[in-house]
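For reference, the chains in residue letters:
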Amino acid sequence: MSAALLEVRDLGISFGGVRAVDGISFDLHRGELLALIGPNGAGKSTTFNMVGGQLRASGGSVRMAEHDLIGMKPRAIWRLGVGRTFQIAATFASFTVAENVQMAVLSHHRQVFALWRPAADRFRAQALALLEQVGMRAQADRPCSELAYGDIKRVELAMALANDPRLLLMDEPTAGMAPRERNELMALTKRLVVERGMAVLFTEHSMDVVFAHADRVIVLARGKLIAEGTPEAIRNHPKVQEVYFGSGTTFEHLPQPAFAGRMSA
Ligand code: ADP
Ligand code: MG
């Protein structure tokens, strides 16, 4: 395999004496959809925040394309091509779908927000092309406030793509979605990973979704990376089954998480 896009080595951080992430190491390659799973409090979001620069690791390294991201500001990491989608929908409800994506395109081109109106048309074509990629072209001129939750997530994905990321971090991208929507969003994400040759690190609670779409899975428990492998290997991994269910249970018996019905802002 070619050199990894992202190399995480011995990454760790403590909060008040608690080792939230405890010396984890993993690689992420171009064209790969990597799932980071683990029980609540395992350290998944903390890991995302250290890679994205929102939190400063207390030890270890995060290397991407000759750069060590540790100590870099989130904005600088973003400029290197690390994008993020957030757990909470980040679109502006009163703006249209296309306007939201245009703002992201503008931001990528480092234009100031005040210049947005006059510059709008220049970037509309780019915004529409991105919306096409996520299957939202037909809804470009609707206000985001009218969209179904799953469609807002697609718009957020288009906004993240505006920065042309090499690496996209998606922390619980399908939170609040029904099972079918979850599968659709991750199938779309996998298609984009392949088409754009980018890499995605994502967290997801539904094991069905993880097993159906991830190329590879890494498992955190209490800050430690306890397993890594293909979905099939992880499904049958005794240590993983133990942290999720205690002994004697398997993923096959895991109920789907209830539909949370979370609404966007
Ligand atoms: P996950 O995303 O896997 O559910 P988190 O990364 O959010 O887990 O949290 C990992 C652990 O670190 C938890 O015990 C959590 O309480 C703790 N933690 C996370 N962020 C902070 C913080 N800013 N201050 C103190 N403790 C934190
Ligand atoms: Mg989390």
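Refer to the preceding data block for the structure.
Residues numbered from 1 in each chain as written. Chains lettered and ligands numbered in written order. Predicted model: local features only at pLDDT ≥ 70, side-chain atom pairs only at ≥ 80, totals over all residues. Heavy atoms only, no water.

## Examining the overall build of the protein chain
Within the protein chain, the secondary structure is distributed over nine helices and 10 strands. Contacts in the protein chain between residues far apart in sequence, at least 24 positions, make up 65% of those at least 6 positions apart. By element, 53% of the accessible surface of the protein chain is carried by carbon and sulfur atoms, the whole surface being about 12100 Å². (Helix = DSSP H or I, 4+ residues; strand = E, 2+ residues; numbered from the N terminus. Contact = heavy atoms within 4.5 Å. Areas by Shrake-Rupley, 256 points an atom, 1.4 Å probe, with all protein chains shown as cover.)

## Re the site of ligand 1
Lining the immediate environment of ligand 1, one finds Phe 15, Ala 20, Pro 39, Asn 40, Gly 41, Ala 42, Gly 43, Lys 44, Ser 45 and Thr 46. A distance of 3.2 Å separates an oxygen atom of ligand 1 from a polar backbone atom of Ala 42. Within the backbone of Ser 45, a nitrogen or oxygen atom sits 2.9 Å from an oxygen atom of ligand 1. Computed on the free molecule, ligand 1 has an accessible area of 560 Å², of which 56% lies beneath the protein chains in the complex. Looking at the shell around ligand 1 element by element, the count peaks at three residues for helix 1 (residues 44-52). By residue class, the composition of the shell around ligand 1 is four nonpolar, five polar and one charged. (Near = heavy atom within 4 Å. Polar contact = N/O pair within 3.5 Å; in protein donor to acceptor, adjacent residues only side chain to side chain. Nonpolar A, V, L, I, M, F, W, Y, C, P; charged D, E, K, R; others polar.)

## Remarks on the sheet that holds strand 5 (residues 67-68)
Taken together, the four strands give an open sheet; going across it, the order is 2-1-4-5, and neighbouring strands pair in antiparallel fashion. A single partner strand is all that each edge strand has here, and the edge strands are strand 2 (18-28) and strand 5. Relative to strand 4 (residues 59-64), strand 1 (residues 6-15) runs antiparallel, the two being bridged by five bridges. Bridged to Arg 9 within strand 4 is Ser 61. (Pairing = 2+ DSSP bridges.)

## Considerations on the packing of helix 3 (residues 97-108) against helix 5 (residues 149-161)
The geometry of helix 3 relative to helix 5 is characterised by a closest axis approach of 8 Å and an angle of 25° between their N-to-C directions. Between helix 3 and helix 5, the angle is such that the two are roughly parallel. For the element pair helix 3 and helix 5, the recorded crossing hand is right-handed. Here Val 97, Asn 100, Val 101 and Ala 104 of helix 3 come into contact with helix 5, specifically with Val 155, Ala 158 and Met 159. Partitioning the contact of helix 3 with helix 5 into residue classes produces six nonpolar, one polar and no charged. (Axes fitted to C-alpha atoms, helices over the stretch in contact; angles between N-to-C directions. Parallel < 35°, antiparallel > 145°, perpendicular 65-115°, else oblique. Left-handed = near helix turned anticlockwise from the far one by under 90°.)

## Some remarks on the sheet that holds strand 10 (residues 224-229)
Strand order in the open sheet formed by six strands is 6-7-8-3-9-10, with mixed pairing between adjacent strands. Edge positions in the open sheet fall to strand 6 (82-85) and strand 10, since each of these has one partner strand only. If you compare each strand with its neighbour and ignore which way they point, the axes differ by 20° on average. Alignment of strand 9 (residues 216-221) against strand 10, held across five bridges, turns out to be antiparallel. Paired with Val 217 across the bridge in strand 10 is Gly 229. Helix 1 contacts strand 3 (33-37), strand 6, strand 7 (167-170), strand 8 (199-202) and strand 9 of the sheet and is inclined by roughly 150° relative to strand 7.

## Concerning the side chain of His 213
You can see His 213 is positioned in helix 7 (residues 207-213). Using a relative accessible area of 16% as the deciding quantity, one classes His 213 as buried. Not counting the four nearest positions on each side in its chain, His 213 is found in contact with Leu 33, Asn 183, Met 186, Ala 187 and Lys 190. (Buried < 20%, exposed > 50% of the residue type's maximum accessible area, 1.4 Å probe, protein only.)

## Points about the pairing of strand 6
Alternating residues of strand 6 divide into Val 82 and Arg 84 and Gly 83 and Thr 85, and every residue in both groups is buried. Of the strand pairs in this sheet, strand 6 and strand 7 are connected by four bridges, and their pairing is parallel. Bridging from a neighbouring strand, Val 82 pairs with Leu 167 of strand 7.

## What to know about the pairing of strand 7
Regular strands show a simple pattern: their side chains alternate between the two faces of the sheet. In strand 7, alternate side chains face the same way, and those of Leu 167 and Leu 169 on one face and Leu 168 and Met 170 on the other are all buried. Judged from the four bridges that link them, strand 7 and strand 8 form a sheet pairing that is parallel. What sits directly across from Leu 169, in strand 8, is Leu 201.

## Brief notes about the nonpolar core
Within soluble globular proteins, side chains that are nonpolar generally end up buried alongside one another. Counting residues in hydrophobic clusters, the biggest one holds 51 residues, and the most contacted among them are Val 101, Leu 131 and Val 134. When residues in this core are grouped by element, the largest group, eight residues, is from helix 5. Beyond its immediate stretch of four places on either side in the chain, Val 101 contacts Ala 127, Leu 130, Leu 131, Val 155, Ala 158 and Met 159. The next biggest cluster of nonpolar side chains, apart from the first, holds 30 residues, and it includes Val 51, Met 64, Leu 201 and Ile 218. (Core = buried A, V, L, I, M, F, W, Y, C linked by side-chain atoms within 4.5 Å.)

By themselves, these are just geometric observations and shouldn't be taken as functional.
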